[in-house]
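Given next are the chains, with one letter for each unit.
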Amino acid sequence: ETKFTIEFIDEHRYSYDVTKERILTNSVVNPYSPSVYNRGFRGVGPHQSCLPSGKQNPLYTKWTAMLKRCYSETCRHEYASYAHVEVCEEWLNFQEFANWCVNDGKYMTGHELDKDLLSGESKIYSPETCCFIPSEINATLIVPFKPASKLEPRGITLTPYGKYRVS
């Protein structure tokens, strides 16, 4: 079967071999083309969007959810806190995001990506501003708890025994 080399004329200059059938069925895709919320792209590397089992890669799920929060018009209108939040240039490439998660040992199953714990009111998702935290802790950062009085921080109350309770 004859193969053709396809080269994409952009800053990445990525090329690969394809069959005539892939060309005729228009299934040749530039992995650097922003296809996720018109910003993110899969890139080229070891990390795939799906696992060998056929299930979606959890890292890909986290990455697309992050992009959705930042670049989906629906999310931006529904959640005002994401109106001006961005993803750093590096993490628009799924491969770079997944490398940070895996190679730096950041990702733990069942944990959620958080940009607020390390940098407060940061408006950017990046390696410097993000970490993975348990969902229970993440929920305390985003749920609008009402303090017992204005003296205690959100989610913290003073018990009748003089001790503090965190919820």
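Owing to the predicted nature of the structure, the values given are computational and were not obtained by experimental measurement.

Asks: Looking at this model, I keep getting lost on the environment of asparagine 30. Mind explaining?
Replies: Among the structural elements, asparagine 30 can be located in the loop between helix 1 (20-24) and helix 2 (58-71). Exposure remark for asparagine 30: the relative accessible area of 13% places this residue in the buried category. C-alpha of asparagine 30 to C-alpha of tyrosine 16: the two residues are 14 residues apart in sequence and 9.7 Å apart in space. Excluding residues that lie within four positions of it along the chain, asparagine 30 makes contacts with Phe8 and Asp10.

Asks: Could you clarify how one ought to interpret the state of the cysteines in this entry?
Replies: As used in these notes, a disulfide is a covalent bond between sulfur atoms, one from each of two cysteines. By the definition in use, this model includes 0 disulfides. Left without a disulfide partner, cysteine 131 is nearest to the cysteine sulfur of cysteine 130, which lies 7.4 Å away. The buried category is assigned to cysteine 131, whose relative accessible area is 14%.

Asks: Explanation requested: the packing of helix 2 against helix 4 (residues 94-103) in the structure shown.
Replies: Pairs of packed helices are described in terms of their axes, by the angle between the two and the distance that separates them. In contact at an axis separation of 10 Å, helix 2 and helix 4 are set at 120° when each is read in the N-to-C sense. If you check the angle between helix 2 and helix 4, you find them oblique. Both helix 2 and helix 4 take part in a crossing whose hand is right-handed. Residues Leu59, Tyr60, Lys62, Trp63 and Met66 of helix 2 lie in contact with helix 4, whose contacting residues are Phe94, Phe97, Ala98, Cys101 and Val102. In terms of residue class, the contact of helix 2 with helix 4 is made up of 9 nonpolar, no polar and 1 charged.

Asks: For this particular structure, what's the right way to read helix 4?
Replies: Spacing of three or four residues puts side chains on the same side of an α-helix, whose turn is 3.6 residues. Among the residues making up helix 4, those that are buried are Phe94, Gln95, Phe97, Ala98, Trp100 and Cys101. Check the buried side of helix 4 and you find it contacts helix 2, strand 4 (111-114) and strand 6 (131-134). N-cap assignment for helix 4: the residue whose side-chain oxygen lies 2.9 Å from the backbone N of glutamine 95 is asparagine 93. A positive phi of about 65° marks glycine 105, the residue just after helix 4.

Asks: Which parts of the structure should I look at to understand unusual backbone geometry?
Replies: If a residue is not glycine, its phi is most likely negative; likewise, a peptide bond is most likely trans. Positive phi values are uncommon outside glycine, yet arginine 13 reaches one of about 50°. One can find arginine 13 in the loop between strand 1 (3-7) and strand 2 (15-19). For arginine 13, a relative accessible area of 45% puts it in the partly exposed group. The phi dihedral of tyrosine 37 is positive, around 55°, even though this residue is not glycine. Here tyrosine 37 is to be found in the loop between helix 1 and helix 2.

Asks: Before we go on, may I ask you to explain the environment of aspartate 104 in this structure?
Replies: With respect to the helices and strands, aspartate 104 occurs in the loop between helix 4 and strand 4. Between the C-alpha atoms of aspartate 104 and proline 127, which are 23 residues apart in sequence, the distance is 9.9 Å.

Asks: Could you clarify how one ought to interpret the pattern of salt bridges in this entry?
Replies: Working definition: two side chains of opposite charge can pair if their charged atoms are close together. Taken as a whole and assessed by the stated rule, the structure comprises 3 salt bridges. Between aspartate 116 and lysine 115 there is a salt bridge, with its nearest N and O atoms 2.8 Å apart.

Asks: Would you mind going over the side chain of asparagine 93 with me for this structure?
Replies: In this structure, asparagine 93 sits in the loop between strand 3 (86-87) and helix 4. Owing to a relative accessible area of 10%, asparagine 93 belongs among the buried residues under this scheme. Contacts of asparagine 93, omitting those with residues within four sequence positions, involve Tyr32, Phe41, Arg42, Gly43 and Trp63.

Here is what the cut-offs are and how they apply
- Residues numbered from 1 in each chain as written.
- Predicted model: local features only at pLDDT ≥ 70, side-chain atom pairs only at ≥ 80, totals over all residues.
- Heavy atoms only, no water.
- Helix = DSSP H or I, 4+ residues; strand = E, 2+ residues; numbered from the N terminus.
- Buried < 20%, exposed > 50% of the residue type's maximum accessible area, 1.4 Å probe, protein only.
- Contact = heavy atoms within 4.5 Å.
- Disulfide = S-S within 2.5 Å.
- Axes fitted to C-alpha atoms, helices over the stretch in contact; angles between N-to-C directions.
- Parallel < 35°, antiparallel > 145°, perpendicular 65-115°, else oblique.
- Left-handed = near helix turned anticlockwise from the far one by under 90°.
- Nonpolar A, V, L, I, M, F, W, Y, C, P; charged D, E, K, R; others polar.
- Polar contact = N/O pair within 3.5 Å; in protein donor to acceptor, adjacent residues only side chain to side chain.
- Salt bridge = Lys/Arg side-chain N within 4 Å of Asp/Glu carboxyl O.

In short, the description is geometric, and any link to function would need to be established separately.
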